[in-house]
Amino acid sequence: MLAIFAPVNWWADSLINRRRSAVRLCIFFRSGLEKRAGGAYKSLSMAKTLFQKVWDAHVVRTLPDGTVILYIDRHLVHEVTSPQAFEGLRLSKRKVRRPELTFSTLDHNVPTDDPFNIKDPISRAQVEALINNCRDNGIKLFDYETGHQGIVHAIGPEMGLTLPGLTVVCGDSHTSTHGAFGSLGFGIGTSEVEHVMATQTLRQTKSKTFKVEFTGRLQPGCTSKDMVLKLIGLIGTAGGTGYVMEYCGEAIRALSMEARMTICNMSIEGGARAGMIAPDDVTFEYIASGDRPYAPRGKALDKAIAYWKTLPTEDGAEFDRTITINTSEVSPQVTWGTSPGMVVDVGGVVPDPDKVPGYSRRDVEQALEYMDLKPGTKMTDIRPDTIFLGSCTNARIEDLRKVAKLIKGRRKADTLRVMVVPGSQQIRRQAEAEGIDQVFKDFGAEWRHAGCSMCLGMNPDQLKPGERCASTSNRNFEGRQGKGGRTHLVSPEMAAACAVEGHFVDIRTWDGLKALSA
Amino acid sequence: MEPFSTHRGLVALLDRANVDTDAIIPKQFLKSIKRTGFGLSLFFDWRYLPEGDPDPEFSLNYPRYQGASVLVTRNNFGCGSSREHAVWAVMQYGFRAIIAPRQEIGGQQIPGFADIFKNNCVKNGLVTVELEAPEVDEIFAMVERNKGLEATVDLDEQRVVLHLPEEMAFHFDIDPVVKKHLRHGLDEIALTLEHADEITVFEQKHDPQMIGG
Ligand code: SF4
């Protein structure tokens, strides 16, 4: 059964918004609004942002101290950050309030060579704990047998669980991914996971808003990964702390849903808990297409789209902070350090320790020592020994298709190992149906099962000390991909070119690039 | 959660910026399904040599910092993953408060703590104190110069006091909501459940739409 729908006050808002553009101050609506709690008059006189609209629609109650009890529409759960929350519920004899709004999967611990065979007993115990907790609490678990297992941020969107206007949380910082649909998605800690389970709400104070406008168009070979890495390089890894970002502008509109998810995913690497993109036809088409069992269909979808169209930020809405980036000047990005803000254009060099905005000389020296790099080294002279194409940032079908196009008929450089890890079982199946798996195998890559894999190495996929990886994931922290492992974050396209050449190359001038437009 | 009003203890220094939660508690320890037992693994990759012995070069292993309960560090502490295990590890090691600077580097304004980490601290009763960068520099200098230096973190008065022969005090700001929670060790879930009826009323008009099936 598909049920609809937008709460009454959302409709009221959208009506009023339409009115407002015609009549500046409409007494009739204003008096209607004043009955509502919390600054209704203000909301009439001020254009609203996407964030504000989604926020307002989920306020259960504003407490005297200003904290808001915010309703949560989707609670996504994985095995790592949930066991202590379930345990807490049990100890306090509380129940999961809305198990039907709670969805879980197994991703972090899953071995991607043989997902049915978790050899590490501690990992296995954690996976079993989630299986048992879901069973005991009536929570839907996308495990291997369902054919829908995968990285939590890959399956939310592909199953149609992530929709515009919703609040989506998960005990995982990359929940920001879901904001690509115009939902408010953010990561929470385990105490909050327990809070959502028990109450279907969170106590929140409202974030400030940060408008990130990407004007112009991407150059060929450049991607949304380069856009977001560029942004983080500019504002720093703490630049978005305390803000919800809204990405907008011509370049954002031109992106596919997959590419939008990549940007929102890495909002947290810029310090922001959430990043949002206003829903548009690209969003609606994504939701309407494919096998998305939880997405609305038929009349329900039409109604939903009519509502979703009311969500975008209105002209004149104010943001607390704004940055504008000319996308046509964004080059392919490669990180050189141990923080995502330690990033340069591929044509650049490892920087002088005194000349890195946002990092002290010591920060940079520590990073360079760990990375075994010297200032002045050309990025294109760096030779990784591992290529990791995976993670919730860049392991969606579109990423795999693009890389497959670039490498088709080629062989990887002998000096390196290439791992390809689809984000979900569904993505893996789709790729196999399109014959993409064979392209990777012919290239000399390992075609693996879905999971977080080497993004964080909680499973057997890990870098060994001193190994150097060109990775499509999101974090280049020390030890993230394995103790002593060195990570360079790049786009899938850049990883592909590197896999062919054995070192980083500027994909814009790489002769293999034409395959993308073929 | 234990209420916090004031705490006096030995100060330890960790002179690194952007300490991420992967460094605070590496992933292999996240496999636990318990809330305890993380103290030994705090800063694991920095703290221990490959053979498993404590690395004498790592500051928290210095004899002078043994038994410390106030950690002073650099900007953007706790960035990265949302893992609450990081907060559990810091607390189970023995820290009750962390002090870090708000800082401007090359035009970027960088806070002392990352958002999710800071929030997780509140839920567990770990106090995060943000001071100005020169103040933290001063604390670093004082601690380096004075072995065994203790500090008091006074939440009621919102100040940090260094117990030098001539005491030094630093005022800090804190969100009143956070202060109240820490001060009383509130059980947030119980507090929210006092509004259970309102949540039910809200749910009647709000359909978290389109749960298919
Ligand atoms: S793929 Fe990496 S970043 Fe994404 S959820 Fe898994 S571990 Fe976290």
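The numbers attached to residues start from 1 for each chain and follow its sequence in the written order. Naming scheme: in the order in which they are written, chains are lettered from A and ligands are numbered from 1. In view of the model being predicted, local features appear only for residues whose pLDDT reaches at least 70, and side-chain atom pairs are presented and counted only at 80 or more, with totals across whole chains, interfaces and linings using the full set of residues. Remark: hydrogens and water are excluded; side-chain values derive from all non-hydrogen atoms of the structure.

A. Highlighting the interface of chain A and chain B. By the convention used here, residues are in contact when the closest approach between their heavy atoms is within 4.5 Å. Contact with chain A, which involves 87 residues of that partner, is made by 64 residues of chain B. On the chain A side of the interface with chain B, the three residues burying the most area are Gln84(A), Arg203(A) and Lys483(A), jointly 10% of the side's total. A carboxyl oxygen of Asp or Glu within 4 Å of a side-chain nitrogen of Lys or Arg is what we treat as a salt bridge. The interface formed by chain A and chain B contains 11 salt bridges. Polar contact is defined as a pair of N or O atoms within 3.5 Å, subject to the rule that within protein one atom must be able to donate a hydrogen and the other to accept it, and that residues adjacent in sequence are counted only when both atoms are side-chain atoms. Between the two partners, chain A and chain B, sit 32 residue pairs in polar contact (both at pLDDT 80 or more). Helix and strand definitions here come from DSSP, where helices need a minimum of 4 consecutive H or I residues and strands a minimum of 2 consecutive E residues; each element is numbered from the N-terminal end. Examining the composition of the side of chain A that touches chain B, we find that seven residues originate from one element, helix H8 (residues 190-199) of chain A, more than from any other. Split by residue class, the side of chain A that touches chain B holds 38 nonpolar, 29 polar and 20 charged. Accessible surface is computed with a 1.4 Å probe, and the buried area is the amount of it that two parts give up when combined, taken over both parts together. Residues are grouped as follows: Ala, Val, Leu, Ile, Met, Phe, Trp, Tyr, Cys and Pro are nonpolar; Asp, Glu, Lys and Arg are charged; all remaining types, including Gly, are polar.

B. Layout of helix H5 (residues 83-91) of chain A. Burial classes follow relative accessibility: with a 1.4 Å probe on protein chains only, a residue under 20% of its type's maximum area counts as buried, one over 50% as exposed, and anything between as partly exposed. Taken together, the buried positions of H5(A) are Pro83(A), Gln84(A), Ala85(A), Phe86(A), Gly88(A) and Leu89(A). Against strand S3 (74-78), helix H6 (121-137) and H8 of chain A together with helix H3 (85-93) of chain B lie the buried residues of H5(A). Residue Lys93(A) follows H5(A) closely and has a positive phi angle near 55 degrees.

C. Quick peek at the site of the ligand. Residue and element names in this part refer to chain A. For this purpose, a residue is taken to be near a molecule or strand whenever a single non-hydrogen atom of the residue falls within 4 Å of it. Taken together, His-108, Ile-151, His-153, Asp-172, His-174, Ser-391, Cys-392, Cys-452, Cys-455, Leu-456, Asn-474 and Arg-480 form the complete shell of residues around the ligand. Grid points spaced at 1 Å over the protein atoms alone were grouped into cavities, where a 1.4 Å probe fits but cannot get out, and pockets, open sets with protein on both sides within 12 Å along at least five of seven lines, with lining residues defined by an atom within 4 Å of a point. Think of it this way: a molecule belongs to a cavity or pocket when more than half its atoms come within 2 Å of the grid points there. In this structure, the ligand is accommodated by the second largest cavity. Considered class by class, the residues forming the shell around the ligand number five nonpolar, five polar and two charged.

D. Highlighting the layout of surface pockets. Grid points are joined across faces, edges and corners, and a volume is the space filled by probe spheres set on the points. Here the largest pocket is characterised by a volume of approximately 1,200 Å³. Contributing to the lining of the largest pocket are 44 residues, with Thr205(A), Gly242(A), Asp115(B), Lys118(B) and Asp175(B) lying nearest its centre. Sorting the residues of the lining of the largest pocket by element identifies strand S8 (201-204) and helix H9 (224-235) of chain A together with strand S3 (97-105), strand S4 (108-110), helix H4 (115-124), strand S5 (127-132) and helix H6 (176-184) of chain B as the ones contributing at least two each. Top contributing element to the lining of the largest pocket by residue count: H4(B), with five residues. For the lining of the largest pocket, a count of residues per class yields 13 nonpolar, 14 polar and 17 charged.

E. Structural detail: the sheet that holds strand S5 (residues 140-142) of chain A. Residue and element names in this part refer to chain A. Strand pairing requires that DSSP identify at least two bridges connecting the strands. The strand order S5-S4-S3-S6-S7 describes an open sheet built from five strands, whose pairing is parallel. The open sheet terminates on both sides in strands that have one partner only, identified here as S5 and strand S7 (184-187). In this sheet, neighbouring strand axes are inclined to one another by 20 degrees on average, regardless of whether the strands run parallel or antiparallel. The pairing of strand S6 (residues 167-170) with S7 spans four bridges and is parallel. Within S7, the residue paired with Val-169 across the bridge is Phe-186. Lines fitted to the C-alpha atoms define the axes, with helices restricted to the stretch that makes contact. Angles between their N-to-C directions range from 0 to 180 degrees.

F. Broad picture of the confidence of the model for chain A. Overall, the prediction assigns chain A a mean pLDDT of 91, with 91% of residues at 70 or greater. Confidence over residues 1-44 of chain A falls short of pLDDT 50; this stretch has 58 contacts with residues more than four positions distant or in other chains. Per-residue confidence from the predictor is reported as pLDDT, a score between 0 and 100.

G. Geometry of the environment of Gly390(A). Residue and element names in this part refer to chain A. Here Gly-390 is to be found in the loop between strand S15 (386-389) and helix H15 (397-407). Each C-alpha atom, one on Gly-390 and one on Cys-455, is 7.2 Å from the other, the two residues being 65 residues apart in sequence. For Gly-390, the residues in contact, after removing those within four places along its chain, are Ala-395, Val-421, Thr-472 and Ser-473.

H. Representation of unusual backbone geometry. For Gln200(A), which is not a glycine, the phi torsion comes out positive at approximately 60 degrees. Using a relative accessible area of 1% as the deciding quantity, one classes Gln200(A) as buried.

I. Structural view of helix H11 (residues 257-265) of chain A. Counting buried residues in H11(A) gives nine out of nine residues, a clear majority hidden from the surface. Every buried residue belonging to H11(A) is among Met257(A), Glu258(A), Ala259(A), Arg260(A), Met261(A), Thr262(A), Ile263(A), Cys264(A) and Asn265(A), and all of these are buried.

J. Fine view of the sheet that holds strand S19 (residues 486-489) of chain A. Residue and element names in this part refer to chain A. Within the open sheet, the five strands sit side by side as S17-S16-S15-S18-S19. Their pairing is parallel. Strands with a single pairing partner mark the edges of an open sheet, and in this sheet they are strand S17 (446-447) and S19. With two bridges joining them, strand S16 (residues 417-420) and S17 adopt parallel strand pairing. By the bridge assignment, Val-420 is partnered in S17 with Trp-447.

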